[in-house]
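# A closer look at the structure
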Amino acid sequence: MVINPHAYAEWDGLLDTFDRLRKEAPVSRVEPEDGELFDPFWLITRYEDVMRISKDNATFLNNPRPVVFSFREAIEFSRAATGSNMLVDSLVVFDAPIHPKYRRLTQDWFMPRNLARMEGEIRAIANRTVDGLIAAGPQADFVKLVSGPYPLHVVMQILGVPEEDEPRMQMLTQQLFGGQDADLSGTGMENMTAEQVVQLVAGAVKTFEEYFAGIAAERRANPTEDVASVIANATVDGEPLPERDMAGYYIIVATAGHDTTSASTAGAMQALAQDPEQWARVKADRSLLPGIVEEAIRWTTPVQHFMRTAAEDVEIGGQQIKAGDWLMINYVAANHDPAQFENPRKFDASRSPNRHAAFGAGAHQCLGLHLARMEMKILFETILDRVESIELAGEPKRATSTFVGGLKTLPLRFRAG
Ligand code: HEM
(Lines give C-alpha, C1' and ligand atoms only; values in the text may rest on other atoms or scores of the structure.)
Protein backbone atom coordinates (compact mmCIF):
# COMPACT_ATOMS: atom_id res chain seq x y z
CA MET A 1 0.00 0.00 0.00
CA VAL A 2 2.77 2.48 0.86
CA ILE A 3 4.22 2.15 -2.62
CA ASN A 4 0.87 2.39 -4.36
CA PRO A 5 0.37 6.02 -5.44
CA HIS A 6 -3.43 5.56 -5.38
CA ALA A 7 -3.34 4.86 -1.63
CA TYR A 8 -2.15 8.44 -1.10
CA ALA A 9 -5.18 9.76 -2.98
CA GLU A 10 -7.45 7.96 -0.50
CA TRP A 11 -6.12 9.62 2.59
CA ASP A 12 -8.33 8.26 5.39
CA GLY A 13 -7.73 4.64 4.39
CA LEU A 14 -3.99 5.30 4.35
CA LEU A 15 -4.10 6.90 7.80
CA ASP A 16 -6.10 3.90 9.12
CA THR A 17 -3.35 1.58 7.88
CA PHE A 18 -0.64 3.66 9.55
CA ASP A 19 -2.62 3.64 12.83
CA ARG A 20 -2.79 -0.14 12.73
CA LEU A 21 0.88 -0.55 11.83
CA ARG A 22 2.05 1.83 14.54
CA LYS A 23 0.31 -0.42 17.09
CA GLU A 24 1.09 -3.83 15.62
CA ALA A 25 4.36 -3.43 13.70
CA PRO A 26 5.84 0.07 13.91
CA VAL A 27 8.89 -1.11 11.96
CA SER A 28 7.38 -3.43 9.37
CA ARG A 29 8.92 -5.27 6.45
CA VAL A 30 7.54 -4.36 3.02
CA GLU A 31 8.22 -6.93 0.30
CA PRO A 32 6.99 -5.24 -2.87
CA GLU A 33 4.93 -7.58 -5.05
CA ASP A 34 6.93 -6.31 -7.98
CA GLY A 35 10.23 -7.45 -6.50
CA GLU A 36 11.83 -7.09 -9.90
CA LEU A 37 11.65 -3.30 -9.63
CA PHE A 38 11.91 -2.46 -5.96
CA ASP A 39 14.06 -3.75 -3.17
CA PRO A 40 12.27 -4.70 0.05
CA PHE A 41 12.39 -2.10 2.82
CA TRP A 42 11.40 -1.35 6.41
CA LEU A 43 8.45 0.99 6.83
CA ILE A 44 8.82 3.32 9.84
CA THR A 45 5.53 4.73 11.14
CA ARG A 46 6.18 6.08 14.66
CA TYR A 47 7.08 9.76 15.05
CA GLU A 48 9.82 8.97 17.55
CA ASP A 49 11.54 6.50 15.19
CA VAL A 50 11.19 8.76 12.13
CA MET A 51 12.86 11.61 14.03
CA ARG A 52 15.62 9.40 15.43
CA ILE A 53 16.52 8.09 11.96
CA SER A 54 16.32 11.57 10.38
CA LYS A 55 18.71 13.01 12.94
CA ASP A 56 21.27 10.19 12.80
CA ASN A 57 22.88 10.94 9.45
CA ALA A 58 25.98 8.83 10.15
CA THR A 59 23.99 5.61 10.54
CA PHE A 60 21.22 6.29 8.01
CA LEU A 61 22.47 7.36 4.60
CA ASN A 62 20.63 9.08 1.77
CA ASN A 63 22.85 7.69 -0.98
CA PRO A 64 22.19 5.77 -3.18
CA ARG A 65 18.39 5.36 -2.83
CA PRO A 66 16.77 8.43 -1.23
CA VAL A 67 13.22 7.87 -2.52
CA VAL A 68 11.10 4.77 -3.00
CA PHE A 69 10.98 4.92 -6.76
CA SER A 70 14.75 4.50 -6.89
CA PHE A 71 14.13 1.49 -9.13
CA ARG A 72 17.04 -0.91 -9.48
CA GLU A 73 16.79 -0.31 -13.20
CA ALA A 74 17.07 3.46 -12.75
CA ILE A 75 20.22 3.09 -10.65
CA GLU A 76 21.80 0.80 -13.23
CA PHE A 77 20.80 3.08 -16.10
CA SER A 78 22.18 6.06 -14.25
CA ARG A 79 25.49 4.34 -13.43
CA ALA A 80 25.94 3.49 -17.10
CA ALA A 81 24.96 6.96 -18.33
CA THR A 82 26.61 9.18 -15.71
CA GLY A 83 28.93 7.06 -13.56
CA SER A 84 26.77 8.02 -10.56
CA ASN A 85 23.94 6.17 -8.79
CA MET A 86 21.50 8.94 -9.56
CA LEU A 87 20.40 10.78 -12.67
CA VAL A 88 20.59 13.98 -10.65
CA ASP A 89 23.27 14.45 -7.99
CA SER A 90 22.01 16.93 -5.43
CA LEU A 91 21.75 17.68 -1.71
CA VAL A 92 19.21 14.92 -1.11
CA VAL A 93 21.55 12.31 -2.57
CA PHE A 94 24.80 13.43 -0.96
CA ASP A 95 25.99 12.30 2.47
CA ALA A 96 28.87 13.70 4.54
CA PRO A 97 31.55 14.80 3.84
CA ILE A 98 30.20 16.24 0.54
CA HIS A 99 26.73 17.14 1.77
CA PRO A 100 27.68 19.83 4.37
CA LYS A 101 30.03 21.50 1.87
CA TYR A 102 27.25 21.86 -0.69
CA ARG A 103 24.57 22.74 1.84
CA ARG A 104 26.71 25.55 3.29
CA LEU A 105 26.79 27.30 -0.08
CA THR A 106 23.16 28.43 0.08
CA GLN A 107 22.28 27.96 3.77
CA ASP A 108 22.65 31.67 4.60
CA TRP A 109 20.69 32.73 1.54
CA PHE A 110 17.68 30.73 2.78
CA MET A 111 17.77 32.21 6.32
CA PRO A 112 15.00 34.63 7.38
CA ARG A 113 17.39 37.61 7.56
CA ASN A 114 18.24 37.33 3.88
CA LEU A 115 14.74 36.30 2.79
CA ALA A 116 13.31 39.45 4.37
CA ARG A 117 14.78 41.36 1.40
CA MET A 118 12.41 39.47 -0.85
CA GLU A 119 9.24 40.26 1.03
CA GLY A 120 8.16 43.06 -1.33
CA GLU A 121 8.68 40.93 -4.45
CA ILE A 122 6.82 37.97 -2.94
CA ARG A 123 3.94 40.23 -1.85
CA ALA A 124 3.70 41.58 -5.41
CA ILE A 125 3.50 38.00 -6.76
CA ALA A 126 0.83 37.20 -4.14
CA ASN A 127 -1.22 40.23 -5.16
CA ARG A 128 -1.00 39.39 -8.86
CA THR A 129 -2.05 35.82 -8.13
CA VAL A 130 -5.04 36.95 -6.04
CA ASP A 131 -5.99 39.39 -8.86
CA GLY A 132 -6.32 36.33 -11.10
CA LEU A 133 -8.48 34.52 -8.55
CA ILE A 134 -10.80 37.46 -8.07
CA ALA A 135 -11.11 38.03 -11.82
CA ALA A 136 -12.20 34.41 -12.24
CA GLY A 137 -14.76 34.62 -9.39
CA PRO A 138 -17.14 33.94 -7.82
CA GLN A 139 -16.18 30.31 -8.33
CA ALA A 140 -12.78 28.88 -9.23
CA ASP A 141 -10.27 26.10 -8.68
CA PHE A 142 -7.86 27.38 -6.04
CA VAL A 143 -5.15 24.89 -7.03
CA LYS A 144 -5.19 25.93 -10.66
CA LEU A 145 -5.27 29.67 -10.06
CA VAL A 146 -3.44 30.19 -6.76
CA SER A 147 -1.74 27.38 -4.86
CA GLY A 148 -0.22 25.87 -8.03
CA PRO A 149 1.20 28.95 -9.78
CA TYR A 150 2.13 31.11 -6.76
CA PRO A 151 5.01 29.05 -5.26
CA LEU A 152 6.16 28.27 -8.79
CA HIS A 153 6.44 32.01 -9.56
CA VAL A 154 8.37 32.59 -6.32
CA VAL A 155 10.89 29.80 -6.81
CA MET A 156 11.38 30.64 -10.48
CA GLN A 157 11.97 34.25 -9.50
CA ILE A 158 14.80 33.27 -7.11
CA LEU A 159 16.27 31.02 -9.82
CA GLY A 160 16.11 33.74 -12.47
CA VAL A 161 13.72 31.82 -14.76
CA PRO A 162 11.57 34.16 -16.90
CA GLU A 163 7.81 33.78 -16.58
CA GLU A 164 7.29 32.43 -20.11
CA ASP A 165 9.43 29.37 -19.26
CA GLU A 166 7.49 28.48 -16.11
CA PRO A 167 4.98 26.07 -17.71
CA ARG A 168 7.90 24.06 -19.09
CA MET A 169 9.53 23.95 -15.65
CA GLN A 170 6.23 22.84 -14.12
CA MET A 171 5.87 20.00 -16.61
CA LEU A 172 9.46 18.83 -16.08
CA THR A 173 8.98 18.85 -12.30
CA GLN A 174 5.87 16.75 -12.65
CA GLN A 175 7.80 14.26 -14.71
CA LEU A 176 10.52 14.02 -12.06
CA PHE A 177 8.31 13.99 -8.96
CA GLY A 178 4.60 13.72 -9.53
CA GLY A 179 4.70 11.61 -12.64
CA GLN A 180 2.54 9.02 -10.97
CA ASP A 181 -0.58 11.14 -11.48
CA ALA A 182 -1.70 11.00 -15.10
CA ASP A 183 -3.72 14.26 -14.76
CA LEU A 184 -0.70 16.15 -13.54
CA SER A 185 2.19 14.81 -15.57
CA GLY A 186 0.27 14.76 -18.84
CA THR A 187 2.59 11.95 -19.89
CA GLY A 188 0.48 8.86 -19.27
CA MET A 189 3.42 7.69 -17.15
CA GLU A 190 1.08 5.47 -15.14
CA ASN A 191 0.94 3.02 -18.01
CA MET A 192 4.61 3.00 -18.88
CA THR A 193 7.15 0.27 -18.21
CA ALA A 194 9.95 0.99 -15.74
CA GLU A 195 12.35 1.37 -18.63
CA GLN A 196 10.12 3.95 -20.34
CA VAL A 197 9.77 5.89 -17.09
CA VAL A 198 13.54 5.94 -16.60
CA GLN A 199 13.99 7.20 -20.17
CA LEU A 200 11.38 9.92 -19.65
CA VAL A 201 12.94 11.05 -16.38
CA ALA A 202 16.41 11.02 -17.97
CA GLY A 203 15.06 13.24 -20.77
CA ALA A 204 13.55 15.67 -18.23
CA VAL A 205 16.86 15.84 -16.37
CA LYS A 206 18.78 16.55 -19.56
CA THR A 207 16.40 19.37 -20.50
CA PHE A 208 16.73 20.87 -17.01
CA GLU A 209 20.53 20.63 -17.18
CA GLU A 210 20.78 22.38 -20.52
CA TYR A 211 18.40 25.09 -19.43
CA PHE A 212 20.19 25.88 -16.17
CA ALA A 213 23.62 25.81 -17.81
CA GLY A 214 22.44 28.89 -19.72
CA ILE A 215 21.27 30.64 -16.55
CA ALA A 216 24.54 29.83 -14.74
CA ALA A 217 26.63 31.29 -17.57
CA GLU A 218 24.55 34.46 -17.48
CA ARG A 219 24.88 34.79 -13.68
CA ARG A 220 28.64 34.30 -13.82
CA ALA A 221 28.87 37.16 -16.30
CA ASN A 222 26.34 39.37 -14.46
CA PRO A 223 25.83 38.27 -10.84
CA THR A 224 22.72 39.48 -9.01
CA GLU A 225 21.50 38.80 -5.46
CA ASP A 226 19.38 35.77 -6.35
CA VAL A 227 20.14 32.18 -5.38
CA ALA A 228 20.93 31.39 -9.04
CA SER A 229 23.95 33.73 -8.75
CA VAL A 230 25.07 32.15 -5.47
CA ILE A 231 25.10 28.69 -7.08
CA ALA A 232 26.70 29.86 -10.34
CA ASN A 233 29.60 31.55 -8.53
CA ALA A 234 30.05 29.01 -5.70
CA THR A 235 33.29 27.15 -5.03
CA VAL A 236 33.89 23.95 -3.06
CA ASP A 237 37.43 23.25 -1.84
CA GLY A 238 38.55 26.22 -3.94
CA GLU A 239 37.07 24.87 -7.21
CA PRO A 240 33.91 25.96 -9.05
CA LEU A 241 31.15 23.33 -8.98
CA PRO A 242 31.31 20.73 -11.76
CA GLU A 243 28.56 21.38 -14.40
CA ARG A 244 26.60 18.32 -13.33
CA ASP A 245 26.55 19.31 -9.63
CA MET A 246 25.61 22.87 -10.48
CA ALA A 247 22.68 21.63 -12.57
CA GLY A 248 21.72 19.26 -9.73
CA TYR A 249 21.64 22.20 -7.30
CA TYR A 250 19.32 24.23 -9.54
CA ILE A 251 17.14 21.19 -10.12
CA ILE A 252 16.73 20.40 -6.42
CA VAL A 253 15.75 23.99 -5.59
CA ALA A 254 13.48 24.26 -8.66
CA THR A 255 11.72 21.00 -7.96
CA ALA A 256 11.65 20.91 -4.13
CA GLY A 257 10.49 24.49 -3.95
CA HIS A 258 7.00 24.56 -5.43
CA ASP A 259 4.77 21.46 -5.48
CA THR A 260 5.54 21.11 -1.78
CA THR A 261 4.41 24.62 -0.83
CA SER A 262 1.50 24.32 -3.29
CA ALA A 263 0.21 21.33 -1.36
CA SER A 264 0.42 22.95 2.08
CA THR A 265 -1.12 26.18 0.73
CA ALA A 266 -4.09 24.31 -0.77
CA GLY A 267 -4.49 22.40 2.49
CA ALA A 268 -4.57 25.63 4.53
CA MET A 269 -7.25 27.02 2.22
CA GLN A 270 -9.30 23.83 2.44
CA ALA A 271 -9.17 23.99 6.25
CA LEU A 272 -10.30 27.64 6.22
CA ALA A 273 -13.06 26.99 3.67
CA GLN A 274 -14.42 24.16 5.81
CA ASP A 275 -14.45 26.21 9.00
CA PRO A 276 -16.08 29.66 8.62
CA GLU A 277 -15.51 30.44 12.30
CA GLN A 278 -11.78 29.94 11.93
CA TRP A 279 -11.82 32.13 8.80
CA ALA A 280 -13.61 34.89 10.75
CA ARG A 281 -11.21 34.60 13.70
CA VAL A 282 -8.06 34.91 11.59
CA LYS A 283 -9.58 37.70 9.50
CA ALA A 284 -9.98 39.67 12.72
CA ASP A 285 -6.67 38.58 14.30
CA ARG A 286 -3.70 37.99 12.01
CA SER A 287 -1.55 36.73 14.90
CA LEU A 288 -3.37 33.40 14.38
CA LEU A 289 -1.88 33.02 10.89
CA PRO A 290 1.50 31.40 11.79
CA GLY A 291 -0.41 28.69 13.72
CA ILE A 292 -2.61 28.03 10.67
CA VAL A 293 0.41 27.86 8.36
CA GLU A 294 2.30 25.43 10.62
CA GLU A 295 -0.72 23.21 11.17
CA ALA A 296 -1.44 23.15 7.42
CA ILE A 297 2.10 21.91 6.82
CA ARG A 298 1.65 19.11 9.39
CA TRP A 299 -1.91 18.25 8.34
CA THR A 300 -1.00 17.99 4.63
CA THR A 301 2.58 16.64 4.96
CA PRO A 302 3.40 17.40 1.29
CA VAL A 303 6.62 15.36 1.24
CA GLN A 304 5.27 11.96 2.15
CA HIS A 305 8.47 10.00 2.59
CA PHE A 306 12.22 9.83 2.18
CA MET A 307 14.33 6.68 2.23
CA ARG A 308 17.56 5.87 4.06
CA THR A 309 20.07 3.01 3.84
CA ALA A 310 21.55 1.66 7.10
CA ALA A 311 25.34 2.02 7.21
CA GLU A 312 25.64 -0.57 10.01
CA ASP A 313 23.57 -3.05 12.01
CA VAL A 314 21.20 -1.17 14.29
CA GLU A 315 18.01 -1.69 16.30
CA ILE A 316 14.91 0.43 15.77
CA GLY A 317 11.68 0.02 17.72
CA GLY A 318 12.81 -3.45 18.85
CA GLN A 319 13.51 -4.55 15.28
CA GLN A 320 16.98 -5.61 14.15
CA ILE A 321 18.06 -3.74 10.99
CA LYS A 322 21.08 -4.97 9.04
CA ALA A 323 23.78 -2.89 7.36
CA GLY A 324 22.61 -2.20 3.80
CA ASP A 325 18.88 -2.48 4.65
CA TRP A 326 16.59 0.13 3.14
CA LEU A 327 14.15 2.16 5.29
CA MET A 328 11.17 4.36 4.48
CA ILE A 329 10.74 7.25 6.92
CA ASN A 330 7.08 8.01 6.38
CA TYR A 331 6.35 11.62 7.37
CA VAL A 332 2.59 11.20 6.87
CA ALA A 333 2.55 8.38 9.42
CA ALA A 334 4.83 10.32 11.82
CA ASN A 335 2.67 13.44 11.62
CA HIS A 336 -0.44 11.40 12.47
CA ASP A 337 1.07 9.59 15.45
CA PRO A 338 -1.31 10.07 18.40
CA ALA A 339 1.63 9.66 20.81
CA GLN A 340 2.90 13.01 19.53
CA PHE A 341 -0.23 14.81 18.26
CA GLU A 342 -3.54 14.71 20.08
CA ASN A 343 -6.40 13.98 17.71
CA PRO A 344 -4.00 14.03 14.74
CA ARG A 345 -6.58 14.05 11.93
CA LYS A 346 -8.09 17.27 13.23
CA PHE A 347 -6.86 20.57 11.79
CA ASP A 348 -6.07 22.45 14.98
CA ALA A 349 -4.38 25.80 14.42
CA SER A 350 -3.82 26.25 18.16
CA ARG A 351 -1.65 23.11 18.46
CA SER A 352 1.30 24.03 20.63
CA PRO A 353 3.96 22.85 20.46
CA ASN A 354 3.57 21.65 16.88
CA ARG A 355 6.90 19.90 16.31
CA HIS A 356 5.84 18.12 13.16
CA ALA A 357 8.09 16.04 10.94
CA ALA A 358 6.96 17.55 7.61
CA PHE A 359 10.29 19.32 6.98
CA GLY A 360 12.33 16.33 8.13
CA ALA A 361 15.10 16.76 10.70
CA GLY A 362 18.87 16.47 10.96
CA ALA A 363 21.40 17.35 8.27
CA HIS A 364 18.88 17.17 5.41
CA GLN A 365 16.13 19.16 7.11
CA CYS A 366 14.33 21.23 4.48
CA LEU A 367 16.56 24.03 3.24
CA GLY A 368 13.54 26.06 2.14
CA LEU A 369 11.43 25.85 5.30
CA HIS A 370 11.66 29.55 6.15
CA LEU A 371 10.82 30.48 2.57
CA ALA A 372 7.85 28.09 2.53
CA ARG A 373 6.43 29.56 5.76
CA MET A 374 7.03 33.12 4.57
CA GLU A 375 5.37 32.50 1.20
CA MET A 376 2.30 31.01 2.84
CA LYS A 377 2.02 33.79 5.41
CA ILE A 378 2.26 36.52 2.76
CA LEU A 379 -0.26 34.82 0.49
CA PHE A 380 -2.83 34.36 3.26
CA GLU A 381 -2.38 37.94 4.46
CA THR A 382 -3.18 39.01 0.90
CA ILE A 383 -6.18 36.70 0.65
CA LEU A 384 -7.54 37.78 4.05
CA ASP A 385 -7.22 41.42 3.00
CA ARG A 386 -8.96 40.95 -0.31
CA VAL A 387 -11.46 38.11 0.05
CA GLU A 388 -14.55 38.48 2.24
CA SER A 389 -15.81 34.91 2.45
CA ILE A 390 -15.04 31.46 1.08
CA GLU A 391 -16.70 28.07 0.92
CA LEU A 392 -16.12 24.75 -0.80
CA ALA A 393 -17.87 24.50 -4.17
CA GLY A 394 -17.23 20.78 -4.73
CA GLU A 395 -15.21 17.83 -3.55
CA PRO A 396 -11.41 18.50 -3.42
CA LYS A 397 -9.35 15.74 -5.09
CA ARG A 398 -5.93 14.44 -4.06
CA ALA A 399 -3.11 13.56 -6.44
CA THR A 400 -1.92 9.98 -6.75
CA SER A 401 1.70 10.12 -5.70
CA THR A 402 3.91 8.31 -3.20
CA PHE A 403 6.38 11.18 -2.88
CA VAL A 404 5.13 14.78 -3.09
CA GLY A 405 1.37 14.72 -2.75
CA GLY A 406 -1.63 16.86 -1.90
CA LEU A 407 -4.71 18.37 -3.51
CA LYS A 408 -4.87 18.59 -7.28
CA THR A 409 -8.23 20.40 -7.26
CA LEU A 410 -9.93 22.62 -4.66
CA PRO A 411 -13.16 24.11 -6.04
CA LEU A 412 -14.09 27.27 -4.10
CA ARG A 413 -16.91 29.79 -4.09
CA PHE A 414 -15.89 33.16 -2.70
CA ARG A 415 -16.82 36.81 -2.40
CA ALA A 416 -14.16 39.46 -2.91
CA GLY A 417 -14.10 42.13 -0.19
C1 HEM B 1 14.48 18.91 1.76
C2 HEM B 1 9.79 19.23 2.94
C3 HEM B 1 9.50 23.57 0.74
C4 HEM B 1 14.08 23.08 -0.71
C5 HEM B 1 13.23 18.64 2.27
C6 HEM B 1 12.90 17.45 3.02
C7 HEM B 1 11.58 17.54 3.35
C8 HEM B 1 11.08 18.78 2.81
C9 HEM B 1 10.77 16.51 4.13
C10 HEM B 1 13.86 16.29 3.29
C11 HEM B 1 14.31 16.22 4.71
C12 HEM B 1 15.13 14.99 4.99
O13 HEM B 1 15.50 14.20 4.10
O14 HEM B 1 15.42 14.82 6.18
C15 HEM B 1 9.30 20.43 2.43
C16 HEM B 1 7.95 20.92 2.64
C17 HEM B 1 7.86 22.14 2.02
C18 HEM B 1 9.17 22.42 1.43
C19 HEM B 1 6.87 20.17 3.41
C20 HEM B 1 6.70 23.10 1.93
C21 HEM B 1 5.70 23.14 2.77
C22 HEM B 1 10.72 23.84 0.19
C23 HEM B 1 11.08 25.06 -0.50
C24 HEM B 1 12.37 24.90 -0.93
C25 HEM B 1 12.82 23.60 -0.49
C26 HEM B 1 10.16 26.27 -0.69
C27 HEM B 1 13.27 25.83 -1.71
C28 HEM B 1 12.93 26.83 -2.43
C29 HEM B 1 14.56 21.90 -0.18
C30 HEM B 1 15.91 21.41 -0.42
C31 HEM B 1 16.02 20.21 0.30
C32 HEM B 1 14.74 19.99 0.95
C33 HEM B 1 16.97 22.07 -1.27
C34 HEM B 1 17.23 19.28 0.40
C35 HEM B 1 17.99 19.60 1.66
C36 HEM B 1 19.15 18.65 1.94
O37 HEM B 1 19.10 17.48 1.54
O38 HEM B 1 20.09 19.11 2.59
N39 HEM B 1 12.11 19.43 2.17
N40 HEM B 1 10.00 21.35 1.70
N41 HEM B 1 11.80 22.99 0.19
N42 HEM B 1 13.89 21.04 0.65
FE43 HEM B 1 11.99 21.26 1.26
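Residues numbered from 1 in each chain as written. Predicted model: local features only at pLDDT ≥ 70, side-chain atom pairs only at ≥ 80, totals over all residues. Heavy atoms only, no water.

### Concerning the coordination of the iron atom of the ligand
- On the protein, C366 (SG) is the one donor atom to the iron atom of the ligand, at 2.3 Å.
- With respect to the helices, strands and loops of the structure, C366 is situated in the loop between α17 (331-334) and α18 (369-386). (Donors = N, O, S within 2.8 Å, 3.2 Å for Na, K, Ca; no water. Helix = DSSP H or I, 4+ residues; strand = E, 2+ residues; numbered from the N terminus.)

### Thoughts on helix α14 (residues 259-273)
- Taking 1.5 Å per residue as the helical rise, α14 with its 15 residues ought to reach 21 Å, and the 21 Å between its terminal C-alpha atoms agrees with that figure.
- Of all 15 residues making up α14, 15 are buried, and the element is well covered by its neighbours. (Expected span 1.5 Å × (residues − 1). Buried < 20%, exposed > 50% of the residue type's maximum accessible area, 1.4 Å probe, protein only.)

### Observations regarding the site of the ligand
- The full set close to the ligand counts 28 residues, and H99, R103, R308, H364 and C366 are the nearest of them.
- The separation between an oxygen atom of the ligand and a polar side-chain atom of R103 is 2.8 Å.
- At 3.0 Å from an oxygen atom of the ligand is found a side-chain nitrogen or oxygen belonging to R308.
- Of all elements in the fold, only α4 (98-107), α13 (243-256), α14, β7 (305-310) and α18 reach the threshold of two or more residues within the shell around the ligand.
- Per-element tally for the shell around the ligand: the top contributor is α14, with 3 residues. (Near = heavy atom within 4 Å. Polar contact = N/O pair within 3.5 Å; in protein donor to acceptor, adjacent residues only side chain to side chain.)

### With respect to the pairing of strand β2 (residues 41-44)
- Because side chains alternate across β2, one face comprises the buried residues F41 and L43, and the other comprises W42 and I44, equally buried.
- The sheet contact formed by strand β1 (residues 27-30) and β2 spans 4 bridges and is antiparallel. Bridge pairing in β2 links V27 to I44.
- One ladder, built from 3 bridges, connects β2 with strand β10 (residues 326-330); its direction is parallel. Note that in β10 the partner of L43 across the bridge is M328. (Pairing = 2+ DSSP bridges.)

### A closer look at the sheet that holds strand β11 (residues 387-392)
- Spatially, 3 strands are ordered β4-β14-β11 in an open sheet, and the strand pairing comes out antiparallel. Edge positions in the open sheet fall to β4 (139-141) and β11, since each of these has one partner strand only. When the angles between neighbouring strand axes are averaged without regard to direction, this sheet yields 35 degrees.
- Alignment of β4 against strand β14 (residues 411-416), held across 3 bridges, turns out to be antiparallel. When the sheet's bridge partners are listed, Q139 is paired in β14 with R413.
- Lying on the sheet, α18 is in contact with β11 and β14; it crosses β11 at an angle near 105 degrees. (Axes fitted to C-alpha atoms, helices over the stretch in contact; angles between N-to-C directions. Contact = heavy atoms within 4.5 Å.)

### A closer look at the environment of R113
- By the secondary structure assignment, R113 is in helix α5 (residues 112-115).
- On the basis of relative accessible area, R113 is assigned to the exposed category, the value being 77%.
- When the C-alpha positions of R113 and D245 are compared, they lie 27 Å apart, and in sequence the two are 132 residues distant.

### Side note on the environment of L288
- Along the polypeptide, L288 turns up in the loop between α15 (276-284) and α16 (289-300).
- Residue classification places L288 among the partly exposed positions, given a relative accessible area of 33%.
- Separated by 61 residues in sequence, L288 and A349 have C-alpha atoms that sit 7.7 Å apart.
- Once residues within four sequence positions are removed from consideration, L288 is found in contact with R281 and V282.

### Description of the pattern of salt bridges
- The tally for this structure, following the rule as stated, stands at 23 salt bridges.
- Measuring nitrogen to oxygen at the nearest pair gives 2.7 Å for the salt bridge that ties R345 to D16. With R345 in the loop between α17 and α18 and D16 in helix α1 (residues 11-24), this pair connects stretches of sequence that are 329 residues apart.
- The exposure class of R345 is partly exposed, given its relative accessible area of 32%.
- Each of the salt bridges in this network shares a partner with another, and the network as a whole consists of D12, D16, D19, R22 and R345. (Salt bridge = Lys/Arg side-chain N within 4 Å of Asp/Glu carboxyl O.)

### Here we look at the confidence of the model for the protein
- Looking at the protein, the pLDDT average stands at 91 and 92% of residues meet or exceed 70.
- Two numbers describe this predicted complex: its pTM, 0.94, and its ipTM, 0.99. (pLDDT = per-residue confidence, 0-100.)

### Some thoughts on the sheet that holds β10
- Here 5 strands make up an open sheet; going across it, the order is β1-β2-β10-β7-β3 and the pairing mixed. Sheet topology places β1 and β3 (60-61) at the edges, where each strand pairs with a single neighbour.
- Here 2 bridges tie β3 to β7, and the two strands are oriented antiparallel to one another. If you follow F60 over to β7, its bridge partner there is A310.
- Of the strands in this sheet, β1, β2, β3, β7 and β10 are in contact with helix α2 (residues 47-55), which crosses β10 at around 120 degrees.

### Description of the packing of α16 against α18
- In the contact formed by α16 and α18, the axes pass within 10 Å of each other and the chain directions differ by 125 degrees. What the angle tells us is that α16 and α18 run oblique. Of the two possible hands of crossing, α16 and α18 adopt the one that is right-handed. Of the residues in α18, those in contact with L289, V293, E294, A296 and I297 of α16 are R373, M376, K377, F380, E381 and L384.
- Along the lines of polarity and charge, the residues of the contact of α16 with α18 split into 7 nonpolar, no polar and 4 charged. (Parallel < 35°, antiparallel > 145°, perpendicular 65-115°, else oblique. Left-handed = near helix turned anticlockwise from the far one by under 90°. Nonpolar A, V, L, I, M, F, W, Y, C, P; charged D, E, K, R; others polar.)

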